[in-house]
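Descriptive analysis of the structure
Residues per chain, in single letters:
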Amino acid sequence: MTHTMRHVSTAAVAGLLALGAFALTDSAQADPYRWCAQYGASDDGGTNCYFVTLEQCRAAISGNGGFCVQNNFYDGAPVTTPGETSRRSRNHGSR
């Protein structure tokens, strides 16, 4: 094996290891939103899966056409924003 081939092989192995490590750390997360709006009468319409309640979904499709379906990727986790955790801890300490 030549010196150049050895470097190329080492770089390829290092690249594959880095890719595998990235795949392990960036795990897929389920969706915290229970309802999806399916717009249009066929598969050509859009989909919006950012609704916590059925009423929110129904309000979004009202007048637009479409229907609401349960999100197959819903995981039941509560929906929080990044600042919500710190705001809760501040309010909790002032009681």
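See the structure shown above.
Cut-offs and rules
Throughout this description, residue numbers start from 1 for each chain and increase along the sequence as written. Only residues with pLDDT of 70 or above have their local features reported here, since the model is predicted, and side-chain atom pairs are shown and tallied only from 80 upward, although totals for entire chains, interfaces and linings are computed over all residues. Water and hydrogen atoms were dropped before computing side-chain values, which therefore reflect all heavy atoms in the structure. Ring geometry is summarised as follows: Phe, Tyr and Trp rings, the Trp one being its six-membered ring, pair when their centres sit within 6.5 Å, and such pairs are stacked at plane angles under 30 degrees, edge-to-face over 60 and tilted between the two. Helix and strand definitions follow DSSP, with helices as H or I runs of at least four residues and strands as E runs of at least two, each counted in order from the N terminus. The disulfide criterion is simple: two cysteine sulfur atoms within 2.5 Å. Buried means the residue's accessible area, taken with a 1.4 Å probe over protein chains only, is under 20% of the maximum for its type, while exposed means over 50%, and partly exposed covers the values in between.

**Looking at the packing of aromatic side chains**
Under the defined criterion, the tally for this structure stands at one aromatic pair. Relative to Tyr-50, the ring of Tyr-33 lies with its centre 5.4 Å away and its plane at 70°, an arrangement referred to as edge-to-face. You can see Tyr-33 sitting in the loop between α1 (3–25) and β1 (35–38) and its partner Tyr-50 sitting in strand β2 (residues 47–51), a full 17 residues away along the chain.

**Considering the state of the cysteines**
By the definition in use, this model includes two disulfides. At a sulfur-sulfur separation of 2.0 Å, the disulfide partner of Cys-36 is Cys-49. On the sign convention where negative is left-handed, the bridge of Cys-36 and Cys-49, at about 110° about the S-S bond, is right-handed. In this pair, Cys-36 is assigned in strand β1 and Cys-49 in strand β2, connecting sequence segments 13 residues apart. Each member of the pair, Cys-36 together with Cys-49, is buried. The disulfide that involves Cys-57 links it to Cys-68, with 2.1 Å between the sulfurs. In this structure the cystine formed by Cys-57 and Cys-68 twists about its S-S bond by roughly -110°; its chirality is therefore left-handed. Of this pair, Cys-57 sits in helix α2 (residues 54–61) while Cys-68 sits in strand β3 (residues 67–70), and the two are eleven residues apart along the sequence. The cystine pairing of the protein, numbering bonded cysteines in sequence order, is 1-2, 3-4.

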